[in-house]
Amino acid sequence: MALGESSTLTRADLAEALHRSVGLSRAEALHMVEQIVDRMSDALAAGENVKISSFGTFLLNDKRERIGRNPKTGVESPVSARRVVTFRPSQGLRDQVAGSGET
């Protein structure tokens, strides 16, 4: 699937790929993409990690409260505890991305 003029893959791009490869209507394909993204978001919000075989894992990490520093002013201020999502690509994806610059 070729990306459009932009170098960002969007939900619409994914839906278009589904439409072309599976034969779903554009509306059905977009609905399916939305359902997948919603399910992933719901799982992360519920504290579950999301693993997609041969792609990677979206991991939740709890950051504790800490003292941060404004780089411009040097003023210290507390940074509240929070949960963040990180992505760990699979080895296959890493290999594919590393080899994508070859011709």
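Please refer to the structure placed before this passage.
Visitor: An account of the sheet that holds strand β1 (residues 50–52) is requested, with residue identities and associated values reported.
Guide: Strand order in the open sheet formed by three strands is β1-β2-β5, with antiparallel pairing between adjacent strands. With one partner strand each, in any of the chains shown, β1 and β5 (82–89) form the two edges of the open sheet. The mean angle between the axes of side-by-side strands here comes to 25°, regardless of whether they run parallel or antiparallel. The strands that helix α2 (residues 26–45) touches are β1, β2 (56–63) and β5; relative to β1, the one it contacts most, it runs at about 140°.

Visitor: Describe the pairing of strand β4 (residues 76–79), naming the residues involved and giving the relevant values.
Guide: Where strand β3 (residues 66–69) meets β4, four bridges bridge the pair, whose relative direction is antiparallel. The residue bridging Gly68 from the neighbouring strand is Ser77, located in β4. Between β3 and β4, which pair antiparallel in sequence order, lie six residues; one of them, Gly74, sits at a positive phi of approximately 80°.

Visitor: Please provide a residue-by-residue account of the pattern of salt bridges, values included.
Guide: According to the stated counting rule, one finds five salt bridges in the structure shown. Glu34 is paired through a salt bridge with Arg11; the nearest N and O atoms lie 2.5 Å apart. A residue pair is termed long-range when its members are at least 10 positions apart, and Glu34 in helix α2 and Arg11 in helix α1 (residues 11–22) qualify at 23 residues. With relative accessibility at 25%, the residue Glu34 sits in the partly exposed group. Across the pair Glu16 and Arg20 runs a salt bridge whose closest N-O atoms are separated by 3.0 Å. Here Glu16 and its partner Arg20 are both found in helix α1, four residues apart, which amounts to about one turn of the helix. Connected through shared salt-bridge partners, Glu16, Arg20 and Arg26 make up one network.

Visitor: Explain the packing of aromatic side chains to me, and be specific about the residues and the numbers.
Guide: Applying the stated rule across the entire model yields two aromatic pairs. Between the aromatic rings of Phe55 and Phe87, the centroid separation amounts to 5.3 Å while the plane-to-plane angle is 50°, which identifies the pairing as tilted. Placement of Phe55 in the loop between β1 and β2 and of Phe87 in strand β5 is noted, with a sequence separation of 32 residues between them. With 4.8 Å between their ring centres and 50° between their planes, Phe58 and Phe87 make a pair best called tilted. One end of the pair, Phe58, is in strand β2; the other, Phe87, is in strand β5, and 29 residues separate them in sequence. Among the residues examined, Phe87 registers a relative accessible area of 34% and is labelled partly exposed. In textbook terms, an aromatic cluster arises when at least three aromatic residues are bridged by ring pairs, as seen for Phe55, Phe58 and Phe87.

Calculation notes
- Residues numbered from 1 in each chain as written.
- Predicted model: local features only at pLDDT ≥ 70, side-chain atom pairs only at ≥ 80, totals over all residues.
- Heavy atoms only, no water.
- Pairing = 2+ DSSP bridges.
- Helix = DSSP H or I, 4+ residues; strand = E, 2+ residues; numbered from the N terminus.
- Axes fitted to C-alpha atoms, helices over the stretch in contact; angles between N-to-C directions.
- Contact = heavy atoms within 4.5 Å.
- Salt bridge = Lys/Arg side-chain N within 4 Å of Asp/Glu carboxyl O.
- Buried < 20%, exposed > 50% of the residue type's maximum accessible area, 1.4 Å probe, protein only.
- Phe/Tyr/Trp six-rings, centres within 6.5 Å; stacked < 30°, edge-to-face > 60°.

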